[in-house]
Amino acid sequence: MTKDRESKDSEKNNKTKIDYEKLLDKLFNRCDMLQKLLNNIPDYIYIKDKKNRFVMVNSTMANFYRKKPEDFIGKTDFDFAPQEMAKEYSKDDNRIIKSKEPIIDKSEKLIRSGKEFWVSCSKIPWYDRNGKIMGTMGISRDITRRKQSEDDLLSNEKNLFDSLMNNIPESIFYKDLNSRFVRINRACAKKHEIKNPEDAIGKTDFDFFSEEHAKQAYEDEQKVIRTGKPIVDLEEKETFKDKEDKWASTTKMPWYNKNKNIIGIFGITRDITSRKIIENKLEREISFMKALMERTPDSIYFKDRNSRFILINKALAENFSIKNPEDAIGKTDFDFFSEEHAKQAYKDEQKVIKAGKPIIGFEEKETFKDKPDRWVSTSKLPWYDKNNNIIGIFGITRDTTEKKKAEERIKYLSFHDTLTGLYNRAYFDEELKRLDTVRQLPITIVMGDINGLKVINDAYGHEKGDQFLKKIAYILKDTFRKEDIVSRWGGDEFIAILPRTREKDTRGIIKRIKELCCERTTADIPLSIAIGISSKKSPQEDMNTVLKEAEDRMYKNKLSESRSTNELVISSLKENLKKTEYNGGKHGDKMQRYALAIGKRLNLSDAKLEELKLVMDLHNIGKLALADEIISKPGRLTEEEWKIIKKLPEIGYRIAESSMVLKPISEAILSHNEWYNGEGYPRGARGEDIPILSRIAFVVNSYEAMITDRPYRKKMTIKDVIKEIKRCGGTQFDPKIVKIFLEILEKNTPQ
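Calculation notes
Residues numbered from 1 in each chain as written. Predicted model: local features only at pLDDT ≥ 70, side-chain atom pairs only at ≥ 80, totals over all residues. Heavy atoms only, no water. Helix = DSSP H or I, 4+ residues; strand = E, 2+ residues; numbered from the N terminus. Buried < 20%, exposed > 50% of the residue type's maximum accessible area, 1.4 Å probe, protein only. Contact = heavy atoms within 4.5 Å. Areas by Shrake-Rupley, 256 points an atom, 1.4 Å probe, with all protein chains shown as cover. Pairing = 2+ DSSP bridges. Axes fitted to C-alpha atoms, helices over the stretch in contact; angles between N-to-C directions. Phe/Tyr/Trp six-rings, centres within 6.5 Å; stacked < 30°, edge-to-face > 60°. Disulfide = S-S within 2.5 Å. Arc of directions from axis to C-beta. Patch = residues over 30% accessible without salt bridge, like charges linked within 9 Å, V, L, I, M, F, W, Y side chains within 5 Å. Salt bridge = Lys/Arg side-chain N within 4 Å of Asp/Glu carboxyl O. Polar contact = N/O pair within 3.5 Å; in protein donor to acceptor, adjacent residues only side chain to side chain.

1. Comments concerning the overall build of the protein
Across its full length, the protein holds 24 helices and 19 strands. Looking at the protein as a whole, 43% of its 751 residues are labelled buried. Long-range contacts, defined as pairs at least 24 residues apart, comprise 53% of the intrachain contacts of the protein with a sequence gap of at least 6. For the protein, the accessible area works out to roughly 44800 Å², and carbon and sulfur atoms hold 51% of it.

2. Focus on the sheet that holds strand S11 (residues 299-304)
Pairing between the strands of a sheet is mediated by backbone hydrogen bonds and can be parallel or antiparallel. The antiparallel open sheet is built from five strands, whose spatial order is S12-S11-S15-S14-S13. The sheet is open, and its two borders are formed by strand S12 (309-312) and strand S13 (359-366), each paired with just one other strand. Geometrically, the sheet is characterised by an average inter-axis angle of 25° between neighbouring strands, direction not taken into account. Lying over the sheet, helix H10 (residues 401-415) contacts S13, strand S14 (374-384) and strand S15 (390-399), oriented at roughly 135° with respect to S14.

3. Points about the side chain of Ser210
Structurally, the position occupied by Ser210 is in the loop between helix H5 (186-191) and helix H6 (211-227). Once residues within four sequence positions are removed from consideration, Ser210 is found in contact with Thr239, Phe240 and Lys241.

4. Quick look at the packing of aromatic side chains
The tally for this structure, following the rule as stated, stands at 29 aromatic pairs. Between Phe173 and Phe181, the ring centres sit 6.2 Å apart and the planes meet at 85°, which makes this aromatic pair edge-to-face. Judged by its relative accessible area of 6%, Phe173 is buried. Seen from their ring centres, Tyr423 and Tyr427 are 4.0 Å apart, and the 15° between their planes marks the pair as stacked.

5. Concerning the sheet that holds strand S9 (residues 246-256)
Taken in spatial order, the five strands line up as S7-S6-S10-S9-S8 in an open sheet, and their pairing is antiparallel. One side of each edge strand has no neighbouring strand; the edge strands of this open sheet are strand S7 (181-184) and strand S8 (231-238). The mean angle between the axes of side-by-side strands here comes to 25°, regardless of whether they run parallel or antiparallel. Sheet topology places strand S6 (residues 171-175) next to strand S10 (residues 262-271); five bridges connect them, and they run antiparallel. Across the sheet, the residue bridging to Phe173 is Gly267, located in S10.

6. A short note on the state of the cysteines
Inspection of the entire model under this criterion finds zero disulfides. Free of any disulfide, Cys517 has its nearest neighbouring cysteine sulfur in Cys518, separated by 7.0 Å.

7. Here we look at helix H23 (residues 718-728)
Because the α-helix completes a turn every 3.6 residues, residues three or four places apart line up on one side. Taken as a whole, H23 has its buried residues at Val721, Ile725 and Cys728. Looking straight down H23, one finds that the buried residues subtend no more than 70° of arc, so they occupy a single side. Exposed positions of H23 whose direction lies more than 90 degrees from the buried face are Lys719, Lys723, Lys726 and Arg727. At its buried positions, H23 is contacted by helix H22 (692-706) and helix H24 (735-748). In the stretch just after H23, Gly730 is the one whose phi turns positive, near 95°.

8. What about a nonpolar patch on the surface?
Taken together, the side chains of Ile104, Ile124 and Met137 present a nonpolar region at the surface, about 250 Å² in accessible area. Looking at the element boundaries, Ile104 is found in strand S3 (residues 103-112). Residue classification places Ile104 among the exposed residues on the basis of a relative accessible area of 52%.

9. Points about the pairing of strand S16 (residues 443-450)
Of all eight residues that make up S16, eight are buried, and the element is covered over most of its length. The sheet contact formed by S16 and strand S19 (residues 529-536) spans eight bridges and is antiparallel. Paired with Ile450 across the bridge in S19 is Ile529.

10. Focus on the environment of Ser534
Locating Ser534 in the fold gives a position in strand S19. Assessed through its relative accessible area of 0%, Ser534 is described here as buried. Expressed as a C-alpha distance, the spacing of Ser534 and Lys548, which sit 14 residues apart in the sequence, is 8.7 Å. The contacts of Ser534, once residues within four sequence positions are left out, are Ile443, Thr444, Ile445, Glu503, Val546, Glu549, Ala550 and Arg553. Polar contacts involving the side chain of Ser534 include one to the side chain of Glu549, which spans 2.5 Å.

Following this line, the structure appears as structure tokens:
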């Protein structure tokens with residue numbers, strides 16, 4: 001048994017050894033592959049430790065410095081590069097180690113044997129497998145040739161610009177922010193009769209023109225600098241100090257630096273005193289046109305007889321989402337616009353080419369393949385060669401989308417109610433005239449009047465009332481059909497025209513309106529609307545009679561629904577009023593029983609007792625208009641806040657007056673804080689002049705306030721409360737009511 005076990009252990013160890021050797025071979029092969037890859041990549045690759053010492057460089061980098069890779073290990077850039085350059089490299093490495101942020105595609109200069117080379121360098125943090133930063137890793141790519149090409153291009157562009165400035169016949173000038181000349185071309189120098197263009201530097205128009213012209217030119221240029229908006233092709237009379245006036249066409253545009261900040265203006269002035277066009281001037285004018293096309297915000301283009309683009313300006317290239325305007329050459333509108341728009345544009349252009357008649361200021365909607373439509377004003381004119389043959393068209397398109405939106409907004413506002421978004425009365429009247437035809441019969445009119453809007457406005461403010469109107473409007477939008485004309489008729493009235501609709505066909509619509517009112521009613525906003533319907537069935541019927549009948553039926557329904565509507569509104573007021581009470585209305589039922597018990601002892605009628613119930617529930621209804629911060633304030637109120645509090649009875653009075661149900665108790669609500677001795681508020685009423693319901697409510701509510709915790713004081717004991725009520729009998733409270741209330745308390749208070 002022992003030998004067998006030893007044999008098995010030996011086999012297992014041999015197998016483990018073989019697997020380990022395979023793993024080592026595999027690892028060695030991968031390392032060898034990685035090393036070969038690094039050494040054969042044409043980019044310079046290196047790794048440095050936290051002290052900027054080289055840990056690894058590939059053969060490409062070593063070969064650049066004519067060294068071996070091992071020559072770099074443990075050394076720094078100071079051993080290979082000039083000191084100033086090495087300092088910059090070291091500064092970048094330390095920043096990466098500190099911030100852990102990479103540096104990507106930075107152009108760096110390398111020097112070998114006195115010769116400059118340029119590389120695009122990317123450096124990143126180097127971490128170990130535990131996430132600890134070990135140093136930096138970098139890769140650099142030789143861009144020496146590209147850099148040389150860029151420098152050559154920049155030099156060529158400068159030469160081209162200098163050539164343009166020196167040879168163009170128009171006056172070209174650059175000015176700083178104070179309208180002082182920075183540079184002018186030879187033509188401008190000749191115009192101002194100075195030999196050397198540099199002699200104009202630092203001077204202004206006041207040195208050459210009359211004061212009047214120089215002053216206007218200065219104001220124009222400062223406006224361009226302030227607004228960034230160019231002045232293009234301004235025809236003006238140039239008046240000089242000591243020579244004849246001339247007429248010129250002047251363009252002045254903002255001059256930006258590389259950071260897109262305006263640093264002055266540049267301008268081109270063309271003498272148009274004599275409009276003689278000579279052949280040898282044509283090419284120069286084309287150059288001027290190209291310069292103008294680069295800056296104008298309008299889309300400018302030239303097309304051949306087959307409507308293929310020959311030339312477009314920068315603005316149109318941007319509109320087509322192409323970087324280079326030359327990329328549009330040979331293409332057509334079908335490459336950029338929707339097929340429908342491209343077809344119409346082609347048709348218009350071929351008509352211009354055949355007839356030789358331009359299209360001027362044509363307003364159209366440009367529809368694209370993959371971006372939003374826009375409105376434009378387009379002019380297309382025939383393009384002639386020197387022999388007066390039409391060789392194509394040229395066009396100018398101006399974006400008028402914002403103008404169109406403004407027009408549509410004005411049109412919308414002229415026909416819509418701004419609050420609800422429904423049509424307004426003016427639009428309704430126009431549509432009623434248009435639809436009042438035999439073909440549209442029968443026409444049904446649906447008229448609605450919102451229930452309780454005045455109470456909502458008085459109780460919660462007009463902002464809440466506006467929400468009320470909007471909610472009803474949304475219900476009407478969700479209920480009526482697209483072909484129906486739904487309008488806001490007046491303050492709280494809505495009206496709808498239903499063409500080709502019988503009166504009985506509207507029953508489902510009315511039912512749905514009522515259902516949605518129930519569904520969307522909240523404690524804050526109880527939604528309800530009274531509706532009346534009438535139909536015009538024959539041409540002989542007068543539409544005004546139909547409208548009157550719908551209105552009469554609406555008011556009839558409003559009266560029949562008034563009870564349930566008022567109950568809904570009052571229920572809403574009660575619920576919202578509870579939220580303002582310190583005890584959340586917990587004592588309400590008990591206090592109401594106390595008040596009714598007093599009323600019965602005073603032999604009040606059943607009607608008065610019902611009113612007393614409402615007074616107990618809604619005496620503080622004015623609080624609904626009170627700011628939350630005053631209601632919930634933990635400390636005592638300021639003098640200004642007390643002034644607001646003392647206005648609440650008057651606010652409550654106005655709310656009650658706006659409701660048929662609450663109107664009988666409006667006086668009681670107004671007087672519920674009046675003192676028996678006349679020192680209360682708001683009117684200073686005294687004794688029997690204070691409504692009996694107010695006197696009862698004042699005693700009971702004062703009792704409730706004293707037995708309830710408030711944010712600024714603790715509740716009083718029953719014993720102290722009774723003592724306080726007795727003390728205030730004859731001053732604050734009606735002594736007769738105090739006597740009855742204390743008897744009721746004594747009877748109902750456990751001994």
